[in-house]
Amino acid sequence: MSFALSRCIADPKTTPVPQQGAAETFRSFCSAGYFYRKKNSSRKRQPAKMATGVDQAVGMSLVVFSLLLFAYYSVWVIILPFMDSDHILHTYFLPREYSVILPGIAAVILLLCIGAFTAVIMWKNRKPKKVD
């Protein structure tokens, strides 16, 4: 912490401040109370809880699923176009048009879910209108 800032926090009235430029702005912030430290609250912080076995299993399954999906899509989009169309590997993949259509549909669904979540949160946190 700089000397001037520590003096501002300690006692804003005794802080030596020149009368122009950025220092004047700094003095107005100090007098407005922007840099004052908050006092410690009486609430104690809860200790962090460790993940249970179920949480770890779900997390690991999500990681494995994501890696498999990434590998499948990468082979489908990057490697498959350079192979002959009669190669046996083509039987395990959908036609190439779907490599654009499916991620587009997934993106639309994701955006709809984010929008719905935001709408629900805003709806729950709305303030009632004042009646005159």
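Residue positions are counted from 1 within each chain, in the order its sequence is given. It should be noted that, the model being predicted, local features are given only for residues of pLDDT at least 70 and side-chain atom pairs only at 80 or more, the latter also being counted only at that level, while totals for whole chains, interfaces and linings use all residues. For side-chain calculations, the full set of non-hydrogen atoms in the structure is used, while hydrogens and water are omitted.

## Things to note about the overall build of the protein chain
Numbering goes from the N terminus for both helices and strands, where a helix is a DSSP run of H or I of at least four residues and a strand is a run of E of at least two. In terms of helices and strands, the protein chain carries four helices and zero strands. Of the regular secondary structure in the protein chain, the N- to C-terminal order runs α-α-α-α. On the protein chain, roughly 12,300 Å² of surface is accessible, and the fraction owed to carbon and sulfur atoms is 67%. Each accessible area value is a Shrake-Rupley result obtained with a 1.4 Å probe; residue values ignore everything except the protein chains displayed when judging cover.

## A closer look at the UniProt feature "transmembrane region" (unreviewed entry) in the protein chain
Per the UniProt record, the feature "transmembrane region" (unreviewed entry) sits at residues 57-80 and 100-123. Within residues 57-80, the helical portion is 96% and the strand portion 0%, while the C-alpha atoms at the span's ends are 33 Å from each other. Here residues 100-123 runs as 100% helix and 0% strand, with 35 Å between its end C-alpha atoms. UniProt positions are given in the numbering used here, feature names are shortened, and annotations may be inferred rather than shown by experiment.

## Some details on the confidence of the model for the protein chain
How sure the predictor is of each residue is captured by pLDDT, a score from 0 to 100. Here the protein chain shows a mean pLDDT of 79. Residues at 70 or above account for 67%. Within the protein chain, the lowest mean pLDDT, 50, falls on helix α1 (residues 3-10), and the highest, 96, falls on helix α4 (residues 98-124).

## A short note on the packing of helix α3 (residues 53-79) against α4
An axis is simply a line fitted to the C-alpha atoms; with a helix, the fit covers only the stretch in contact. Between two such axes, the angle follows the N-to-C directions and lies from 0 to 180 degrees. At their nearest, the axes of α3 and α4 sit 11 Å apart, and the two run at 140° to each other. Between α3 and α4, the interaxial angle falls into the category oblique. Touching Tyr 73, Trp 76 and Val 77 of α3 are Tyr 98, Ser 99, Leu 102 and Pro 103, all from α4. Amino acids outside the nonpolar list (Ala, Val, Leu, Ile, Met, Phe, Trp, Tyr, Cys, Pro) and the charged list (Asp, Glu, Lys, Arg) are all regarded as polar, and Gly is one of them. Of the residues contributing to the contact of α3 with α4, the split by class is six nonpolar, one polar and no charged. Angle categories: roughly parallel below 35 degrees, roughly antiparallel above 145, roughly perpendicular from 65 to 115, and oblique for all the rest. Contacts: residue pairs with any heavy atoms within 4.5 Å of one another.

## Re the packing of aromatic side chains
When the centres of two rings from Phe, Tyr and Trp lie within 6.5 Å, Trp using its six-membered ring, the rings pair. Their planes under 30 degrees apart give stacked, over 60 give edge-to-face, and anything left gives tilted. As enumerated under the stated definition, the model contains three aromatic pairs in all. Summarising the aromatic geometry, the rings of Tyr 72 and Trp 76 are spaced 6.1 Å apart at their centres and angled 50° between planes, so their arrangement reads as tilted. You can see Tyr 72 and its partner Trp 76 sitting in helix α3, four residues apart, about one turn around the helix. Any residue under 20% of the maximum accessible area for its type is buried, any over 50% is exposed, and the rest in between are partly exposed; the area is computed with a 1.4 Å probe on protein chains only. On the accessibility criterion, Tyr 72 (34% relative accessible area) is partly exposed. Over the face of the ring belonging to Trp 123 we find Arg 126, whose NZ or CZ atom lies 4.1 Å from the ring centre. Any Lys NZ or Arg CZ found within 6 Å of a ring centre and within 35 degrees of that ring's normal is scored as a charge over the ring.

## A word on the side chain of Ser 99
Among the structural elements, Ser 99 can be located in helix α4. Accessibility expressed as a relative area gives 9% for Ser 99, which makes it buried. Side-chain polar atoms of Ser 99 contact the backbone oxygen of Arg 96, separated by 2.6 Å. For Ser 99, the contacting residues outside a window of four places in its chain are Tyr 73, Trp 76 and Val 77. Side-chain atoms alone can form a polar contact between residues adjacent in sequence; in general such a contact is a pair of N or O atoms within 3.5 Å, and within protein one must be able to donate a hydrogen while the other accepts it.

## A few points about a nonpolar patch on the surface
Residues forming no salt bridge and having over 30% relative accessible area are the ones grouped into patches, like charges within 9 Å of each other and nonpolar side chains (Val, Leu, Ile, Met, Phe, Trp, Tyr) within 5 Å. Between Lys or Arg on one side and Asp or Glu on the other, a salt bridge is scored when a side-chain nitrogen of the former is within 4 Å of a carboxyl oxygen of the latter. Taken together, the side chains of Leu 94, Tyr 98, Ile 101, Leu 102, Ile 105 and Ile 109 make up a nonpolar region of the molecular surface, amounting to roughly 530 Å² of accessible area. Along the chain, the position of Ile 105 falls in helix α4.

## Some remarks on the environment of Val 75
The residue Val 75 is located in helix α3 in this model. When its relative accessible area of 25% is taken as the criterion, Val 75 is described as partly exposed. Note: C-alpha distance between Val 75 and Phe 93 (18 residues apart in sequence) is 9.3 Å. Setting aside its immediate chain neighbours within four residues, Val 75 contacts Leu 80, Leu 89 and Phe 93.

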